[in-house]
Each structure stands twice: as structure tokens, then as C-alpha cells.
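# Inside the fold
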Amino acid sequence: MAVDATPDDRELTLPPLDEKIDHVRGSAAGRLIIEYGDYECPYSRQAFHAISQVEQQLGGNMRFAFRHFPLTSIHPHAFAAATAAEAAAAQGRFWDMHELLFHRQKALQDGDLLAYAAELGLDLTAFERDRASITVAARIRRDVDSGLASGQVLGTPTLFIDGVVYRGGYDPPALLAALATTR
């Protein structure tokens, strides 16, 4: 379980959101949660469900961005799942694939990922080409590098609220309380 941030942690920040690169949804006027996550991590899946509930409760009055941080040493399918999300993003379907990957976390083999792309109606030839591309690998590496550069992303999920690392719980009540605090 995560612990509350110490005063020193509160001052450590993350590079700002890049609207042209980051996967972001929600109101620009709302508080921003950035998650560094891993599609094969059960704790990232818990955070996925909690953040979805918070988004619903706040009626879109928050922003959410997801950055990849596949822990490949313990999650052998995490990188492949991240490439599937990015390949779907190339066809405008990142969030749909993002949800499928977390809902079907125990089935992340290559055949499963291709089946999810088919289910979403993606161009499968382009999907497979993009998954294997240097561009997709570089996009994932960009997220990993930004997490490492922050000095705060050591595992998943790691959350930042308005650019500041958040070390509290990632259940809906804890997240709602953190978002309700003054900026």
C-alpha cells in the first residue's frame, strides 16, 4: 500500500503534459492525474478502475493522462501490451485498447492483442506493422525515460497530481480527497 507523501516529496515535480504526445482525456480546466502504468500489473489495474470511478463521479471535471512504464522484468507481456495500445493510438483508438487491456489483463499474448485489434475494427495489417515499428518503441521509451528522469517512478502505478508525485492510496475516496485539496 502507498504511503502519504512527505513534505520533500511534494516538491518533486514531473515534466508537463505534452498535448501532442501524451494520451490525455477530460476537461482542461480540471485537476490532472498522470499515471505511469503497466498493463500487466495488477496494481495498475486497480488504479485503472479507481480512476475510472473518479472520472465518473467528477463528471469530466478532471483530466487523466496515461504514460507507459512496462515492468518487463516481472511482467513479460507488458511491453507487447503497450505496443498494442500505441498501435491502436495510431488509428485513433488508444483509450478503447487501454480499457480492453486492463479488462482482459490475464490474456496479453500476441494472439490476444491481435484479437482485441480486430474487435475494435482496426486495420490489422497497419496494427501489426505499427506494433513492430521503431516509432512505437520510441514512444514507449519516451514515457519510461520521463518517469525515470522524475526520480519518482520506481514501480507501477505511480501517480502525479498536477505534476507533483502522489504517494497516497489509489482507491476512489483517497483520490477524490487528493483532488479536492487546494492547489
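The present account deals with the structure reproduced in this document. (Residues numbered from 1 in each chain as written. Predicted model: local features only at pLDDT ≥ 70, side-chain atom pairs only at ≥ 80, totals over all residues. Heavy atoms only, no water.)

### Observations concerning the overall build of the protein chain
Scanning the protein chain from terminus to terminus reveals eight helices and five strands. Secondary structure elements in the protein chain, listed N-terminal to C-terminal, are α-β-β-α-β-α-α-α-α-α-β-β-α. A globule of 183 residues ought to have a C-alpha radius of gyration of about 16 Å, and the protein chain, at 16 Å, matches this closely. Its C-alpha atoms give the protein chain principal-axis dimensions of roughly 50 × 35 × 30 Å. Counting the 183 residues in the protein chain, one finds 50% classified as buried. Taken as a whole, the protein chain presents about 8900 Å² of accessible surface, with 55% of it coming from carbon and sulfur. A distance of 2 Å separates the average location of the 17 positive side-chain charges in the protein chain from that of its 24 negative side-chain charges. (Helix = DSSP H or I, 4+ residues; strand = E, 2+ residues; numbered from the N terminus. Rg over C-alpha atoms; globule rule 2.2 N^0.38 Å. Buried < 20%, exposed > 50% of the residue type's maximum accessible area, 1.4 Å probe, protein only. Areas by Shrake-Rupley, 256 points an atom, 1.4 Å probe, with all protein chains shown as cover. Lys, Arg positive; Asp, Glu negative; His and termini not counted. Charge placed at Lys NZ, Arg CZ, Asp CG, Glu CD.)

### Quick look at the nonpolar core
Membership of the largest hydrophobic core comes to 36 residues, with the highest contact counts inside it found for Ile33, Tyr39, Met97, Leu101 and Leu175. Looking at this core, the elements that each hand over two or more residues are helix 2 (42-57), strand 3 (62-68), helix 3 (78-89), helix 4 (94-103), helix 5 (110-119), strand 4 (158-161) and helix 8 (172-180). Residue contacts for Ile33: discarding those within four places in its chain leaves Ile51, Met62, Arg63, Phe64, Ala65, Leu159, Phe160, Ile161, Leu175 and Leu179. Of all hydrophobic cores here, the second largest spans 16 residues; its members include Leu14, Ala65, Phe69 and Leu71. (Core = buried A, V, L, I, M, F, W, Y, C linked by side-chain atoms within 4.5 Å. Contact = heavy atoms within 4.5 Å.)

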